[in-house]
Structure formats: C-alpha cells, structure tokens
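Below are the chains, spelled out letter by letter.
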Amino acid sequence: MVNLMKENIFNKIAKKKVNIDYIYKDKYITVFNDINPKAPIHIIIIPNIYIKNLNYVNKKNIIYINKMFLYIPIITKKKNINKSGYRIIINCNKDSGQEIKYLHLHILGGCLLI
Ligand code: 5GP
C-alpha cells in the first residue's frame, strides 16, 4: 500500500512525476531550482529514495547522502559560485522550519548571505 505521507512534492519530483526544469538527475539524486528562491541561486538536491530527514540517515542509505554532497562542488562550479561562496542548509523537523518532509539540501549563493 502506498504510504500517503511519502507522496509529497519532493517524492513526486524524485519520481519525475512533476513537470519542472530538472538541473540534474542520476540513479541517486535529483537536482532542481527552488520554487521560491531566497537568493539569486537557490538549488535543491534530494535523494531518489524517501528519507524523511537527517534523523533517518543510516548505513543503508548513506550512499545517497554521499552523492548529494559529491554533487555540491560540481553544481557550484557550474553556477560560478564556488569561489564567491555559498551556504548549505539542511533543515530537520519543526524548530528548523522544515517544510517538506523529505530530506533535501539547499544551496544558496549569488549574493552576500546574511
Ligand atoms: P524546507 O523548509 O523544507 O527546508 O524547504 C523546502 C523548500 O522547498 C522551500 O525553500 C520551498 O520554497 C521549496 N519548495 C516547496 N515546494 C516546492 C515545489 O513544488 N517545487 C520546488 N521546486 N520547490 C519547492
């Protein structure tokens, strides 16, 4: 039975069920622009399997986290923010303001972040 909790927007994006401009996709990760950017460059990286948040990272799914982080230097170089700098954010649960219950990594850059 499909777990409806899992069928959130990022789960749909990971399954390519949403018509958006995908920046990158492979076996492990999906990369796309944030719909409501908080900086000139605001990119989201998600694993292609459902992981609710950082509390659920384990030895079995760590390969997906590795791949998410390995893609950071690639995309930041492509977007030309590797030298100017950028911020990585991963929110976890309500006190962080995690809105989407699907582990994701934000890359923010292209301006001075305060
Ligand atoms: P959180 O607060 O959960 O860490 O961040 C969720 C992010 O997802 C927010 O920055 C929000 O703008 C973005 N977002 C929410 N819904 C969509 C969507 O349908 N498409 C895209 N591309 N981004 C989304």
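Preceding this paragraph is the structure being described.
Residues numbered from 1 in each chain as written. Predicted model: local features only at pLDDT ≥ 70, side-chain atom pairs only at ≥ 80, totals over all residues. Heavy atoms only, no water.

Trainee: Before we move on, can you summarise the overall build of the protein with the specific residues and values?
Mentor: If you tally the helices and strands in the protein, you get 2 helices and 5 strands. Traced from its N-terminal end to its C-terminal end, the protein shows the element sequence α-β-β-β-α-β-β. For the protein, whose C-alpha radius of gyration is 14 Å, the value lies close to the compact-globule estimate of 13 Å for 114 residues. When each of the 114 residues of the protein is scored for burial, the buried share is 37%. Restricting to contacts in the protein with at least 6 residues of sequence separation, those with at least 24 account for 53%. (Helix = DSSP H or I, 4+ residues; strand = E, 2+ residues; numbered from the N terminus. Rg over C-alpha atoms; globule rule 2.2 N^0.38 Å. Buried < 20%, exposed > 50% of the residue type's maximum accessible area, 1.4 Å probe, protein only. Contact = heavy atoms within 4.5 Å.)

Trainee: Give me the site of the ligand: which residues, what numbers.
Mentor: Contacts to the ligand come from 16 residues, most closely from Asp-34, Lys-38, Asn-91, Glu-99 and His-104. Elements with a minimum of two residues in the shell around the ligand: helix H1 (9–14) and strand S2 (29–33). Here the residues of the shell around the ligand sort into 5 nonpolar, 8 polar and 3 charged. (Near = heavy atom within 4 Å. Nonpolar A, V, L, I, M, F, W, Y, C, P; charged D, E, K, R; others polar.)

Trainee: Describe the environment of Pro-37, listing the residues and the values that go with them.
Mentor: Inspection of the secondary structure assignment puts Pro-37 in the loop between S2 and strand S3 (41–47). Taking the relative accessible area as the measure of exposure, Pro-37 reaches 48% and is therefore partly exposed. Taking the C-alpha atoms as reference points, Pro-37 and Leu-108, 71 residues apart in sequence, are found 8.5 Å from one another.

Trainee: Explain the sheet that holds S2 residue by residue, including any values.
Mentor: Taken in spatial order, the 5 strands of this open sheet run S1-S2-S3-S5-S4, and their pairing is antiparallel. Strands with a single pairing partner mark the edges of an open sheet, and in this sheet they are strand S1 (22–25) and strand S4 (86–89). Within this sheet the neighbouring strands show an average axis-to-axis angle of 20°, counted without direction. Pairing of S4 with strand S5 (residues 105–109) involves 4 bridges; the strand directions are antiparallel. The partner of Ile-89 across the bridge, within S5, is His-106. Of the strands in this sheet, S1, S2, S3, S4 and S5 are in contact with helix H2 (residues 62–78), which crosses S3 at around 155°. (Pairing = 2+ DSSP bridges. Axes fitted to C-alpha atoms, helices over the stretch in contact; angles between N-to-C directions.)

Trainee: Describe in detail a nonpolar patch on the surface, supporting the description with residues and values.
Mentor: Among the surface-exposed residues, Phe-69, Tyr-86 and Ile-88 lie close enough to one another that they form a single nonpolar patch of about 240 Å² accessible area. Turning to its location among the elements, Ile-88 is positioned in strand S4. For Ile-88, a relative accessible area of 31% gives the class partly exposed. (Patch = residues over 30% accessible without salt bridge, like charges linked within 9 Å, V, L, I, M, F, W, Y side chains within 5 Å. Areas by Shrake-Rupley, 256 points an atom, 1.4 Å probe, with all protein chains shown as cover. Salt bridge = Lys/Arg side-chain N within 4 Å of Asp/Glu carboxyl O.)

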